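Residue strings, one per chain:
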Amino acid sequence: MSETTTSQTASAEALPKAQNPAKQFIKKFTQRKSAVAGLAFIIFILIIAVIGPSITPYNPNAYDYNALLAGPSPQHIWGTDEFGRDVFSRILAGAQLSLGTALTASVIGTAAGVVLGLIAGFFGGIVDSFIMRVCDVMFAFPGILLAIAIVAIIGPGITNVMIGVAVFTVPSFARIIRGAVLEVKSELYVEVAQSIGCSRLRTMFVHVFPGTLQALIVNFSMNVGGAILSASSLSFLGFGASVTQAEWGAILSQGRNYLATAPHLVFFPGLVIFLTVLAFNLFGDGLRDTLDPKLN
Amino acid sequence: MSDTLLEVKGLATEFKHGKKNWISAVSDVSFEVRPGEIVGLVGESGCGKSVTSLSVMRLHRKDTTRISGDIIFEGKHLLELSDRDMQAIRGNEISMIFQEPMSALDPIMRIGDQLAEALTLHTDLSKKEVHERSVEVLRQVGIPEPEMTLRNYPHELSGGMCQRVMIAMAMSCEPRLLIADEPTTALDVTIQAQILALMEKIRRENNTGILLITHDLGVVAETCSRVIVMYAGHVVEEAPVDELFKHPQHPYTQGLIASVPRLGERLRRLPSIPGSVPDLAAMPDGCRFAPRCRYAQERCRCNDPVLHEVSPDHTSACLLSEQEREEVAHA
C-alpha cells in the first residue's frame, strides 16, 4: 500500500510540469524592484481611497479657529490650512475623489479610444482616415488645454473634469490600438478565422482585440498617472472640485496663497500627487518591460 | 455537369496598384473540381496559385481587389452571394488549410476553443456535443490524446500537430470542398507523408473534393488525380496526373518535370528553366512563357495562346504543336 503511494509520488515528480504563464509573469515582474514598489504604493493608495474617509483623525471639513495655518505638529502631523482644517485628514479623505476621478476618466477615455482604434485599424479605408484625422486635430492641442476648453464649455465640476480628461485620453489610445491592430491583422490566424466563417465583427473582437491587450494594459497603467495629474491640475486651476471639497488638486490650489508663510500646505498634497503619479509610471514601465517580448 | 463540385470559369483577379491602376494577378483561369477528387494546382512562386484559392474563398480585401468571372460551387455563384451567405459557406462547405500551421492558429486561444468556433458558428450542436465532435475530429486526424490537446495552446504543439489541428478545424463541419494551400511546405518529409496520407483518407471517407496547391511535383504525383499547371496568372496545361508526367505538352510543364531530380540518374547539372517569372505590371505580349521558352517563335510573341485539347482530357496552351516543337529542337 505504502509502496504504491511512493511510486505514484515519484512518477508525479518525474512528469514535466506545464509552464504556467501567470507564474512566469509574476516571476519576471517581481525581478523589477521599482515596479514592485510602484505596485505596492498603488495598492496602498487604493486601500486609502476606500477606507480613507473613515480613518481620518479629524473631520476633514471641521474648522478649528485655534489652529489656523499651523505647521506640522504632533496634533496635526501635516499641519492645518487657513480655516484650521487638518491637512492630513483632508488628503486621506480626498484620495477617493482624486483617484476616482482619474480612474473613471481613464476607463471611459480608454474604452472609447479602444473601440475607435479597433474600427480604424481593422476596417481601414475612409473610416480609418476619418478617425485618425480627427485624432490628429485633437493631438494638435496640448492635452490639458483641450481639457480646459472642454470644461470651460460645459462648466466646472468634478463630472465635467472627468469628461474633459477622458476626451483627451481618447486619441492617444485610438492611435496605439490602431497600430497594434494593424500588426495583428496581418497575422495568418486572422485570415484563418475568416476562412472558417467568422464575421468581420467577430474576427475583430475575438481574434484581433486580444492581440492588442498587451499594449492596452501597459498604456492604461501609465495613463492613470497622467490622468491624476490632469484632474488635479484642473482642480488647481479652479475648474474641478469646489473649494469645500477635499480633493488633492483643490487642496494644493488653496495652499498656494500661503506658499511663503505656510509651505506645508502645498508640500504635502504636492508630495502625495507626485508619489502617486510616480507609482503608476513605475508600475507601467515594469509592466511594459515584463510583457514586451522584444525587450526580454 | 451535376457531378461538378466547384467550377471556376474565366476567373480574373486584379489588385489595385497605386491610385488608379489595377494589375492583373490571374486572368482567364478555368478549372473544375469533382467530389472525391484531388486536383493539384502547380506552379512556381508568384504564378497566382494562392490568389486563385483566396478568390474562391473571397478572402481578398474588397477595396483593393477586383474579381470577375464565375465561381460556381454546387450550383451557387459565389461571387454573387452576400457577405453573410459567404460566411455561412466558409469553414462549413468550403474549408481552407494554410501553409504555415504554426502561425495559422490563434496563439492566445486554446485548441479546444478554436475547434469549437467553427462548430458553434455553423451547427446547432450543444456545448457538450461540440466537445465530443472536437475530440472525434482530433482523433480522426491522428492526434493521440485529443482530450489533453484540446486544453493546449498552439505553442505547446509541434508544427505537424498544428497542421493536424488545422486540418481537424477545416474538416470539423464536413465540408464538401477542401482547399489546401501548400499544406506540407513548412513540414519535414516524414510529417509531409503523414499529412498527405491523412488528406487521402479524408477524400476517401467523406468524398471531399480537394484542391491541392503546391509547387512540389512529388506531392502531386503521389496524391492528385488531375493536375492544373499555372504560369504567370494563366492556366497553361491541364491533364490527368499520369498523362501529365508521361506526355507533358507545354514547354513550361516539361521544364518543371525535367528539373525534378530522379533516383538512379547521373546528371552533372539539374536542368532548370532560364529566367524568372515576369513582373505582374510588365507582362510580355503573346505567350507569357515565350521569353523563357526554348521553342519560342515569332508568332508566340504576338498571339495570345488559348487552352486547347491535345488529347482527351488533356489541354495545353502552347501555340506550337508537338511536331513543330520537335522541328525547332532539331533545327
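Before going into details, it helps to say that this report is about the structure given with it. (Residues numbered from 1 in each chain as written. Chains lettered and ligands numbered in written order. Predicted model: local features only at pLDDT ≥ 70, side-chain atom pairs only at ≥ 80, totals over all residues.)

**Re the sheet that holds strand 11 (residues 308–311) of chain B**
Residue and element names in this part refer to chain B.
Then, number 1: With mixed pairing, eight strands are arranged side by side in an open sheet as 6-7-8-3-9-10-12-11. Of all strands in the sheet, those with a lone pairing partner are strand 6 (94–97) and strand 11, marking the two edges. Averaged over neighbouring strand pairs, the angle between their axes works out to 25° when direction is ignored.
Then, number 2: Summarising the sheet, strand 10 (residues 234–240) and strand 12 (residues 314–316) pair through two bridges and their orientation is antiparallel. Looking across to strand 12, one finds that glutamate 238 is bridged to threonine 315. (Pairing = 2+ DSSP bridges. Helix = DSSP H or I, 4+ residues; strand = E, 2+ residues; numbered from the N terminus. Axes fitted to C-alpha atoms, helices over the stretch in contact; angles between N-to-C directions.)

**Regarding the packing of helix 7 (residues 158–185) of chain A against helix 9 (residues 200–236) of chain A**
Geometrically, a packed helix pair is captured by the angle between its two axes and the distance between the axes.
Residues and elements named next belong to chain A.
Then, number 1: Interaxial distance between helix 7 and helix 9 falls to 9 Å at its minimum, and their mutual angle equals 160°. In terms of orientation, helix 7 lies roughly antiparallel with respect to helix 9. In the crossing of helix 7 with helix 9, the sense of the turn from one axis to the other is right-handed. Of helix 9, the residues touching helix 7 (which contributes Val161, Gly164, Val165, Thr169, Phe173, Ile176, Ile177, Ala180, Val181, Val184 and Lys185) are Val208, Gly211, Thr212, Ala215, Leu216, Asn219, Asn223, Ala227, Ser230, Ala231, Leu234 and Ser235. (Parallel < 35°, antiparallel > 145°, perpendicular 65-115°, else oblique. Left-handed = near helix turned anticlockwise from the far one by under 90°. Contact = placed C-beta atoms within 7 Å.)

**A word on helix 5 (residues 127–140) of chain B**
All names here are of chain B.
Then, number 1: For helix 5, which comprises 14 residues, the first-to-last C-alpha distance of 20 Å matches the rise-based estimate of 20 Å (1.5 Å per residue) to within 8%.
Then, number 2: For helix 5, the set of buried residues is Ser134, Val137 and Leu138. For helix 5, the angular spread of buried residues about the axis comes to 100°, placing them on one side. Across from the buried face of helix 5, at angles greater than 90 degrees, the exposed residues are Lys128, Glu129, Glu132 and Glu136.
Then, number 3: Elements in contact with the buried residues of helix 5: helix 4 (111–122), helix 6 (146–150) and helix 7 (159–171).
Then, number 4: Taken from the residues just after helix 5, glycine 142 is the one with a positive phi, measuring 85°. (Expected span 1.5 Å × (residues − 1). Buried ≥ 20, exposed ≤ 12 C-beta atoms within 10 Å, placed from the backbone. Arc of directions from axis to C-beta.)

**Details of the interface of chain B and chain A**
Then, number 1: Taken together, the contacts link 21 residues of chain B with 14 residues of chain A.
Then, number 2: Those elements that place two or more of their residues in the side of chain B that touches chain A are helix 2 (83–89), helix 3 (101–104) and helix 4 of chain B.
Then, number 3: Here the side of chain B that touches chain A takes four residues from helix 4 of chain B, the largest share from any one element.
Then, number 4: The class makeup of the residues in the side of chain B that touches chain A is eleven nonpolar, five polar and five charged. (Nonpolar A, V, L, I, M, F, W, Y, C, P; charged D, E, K, R; others polar.)

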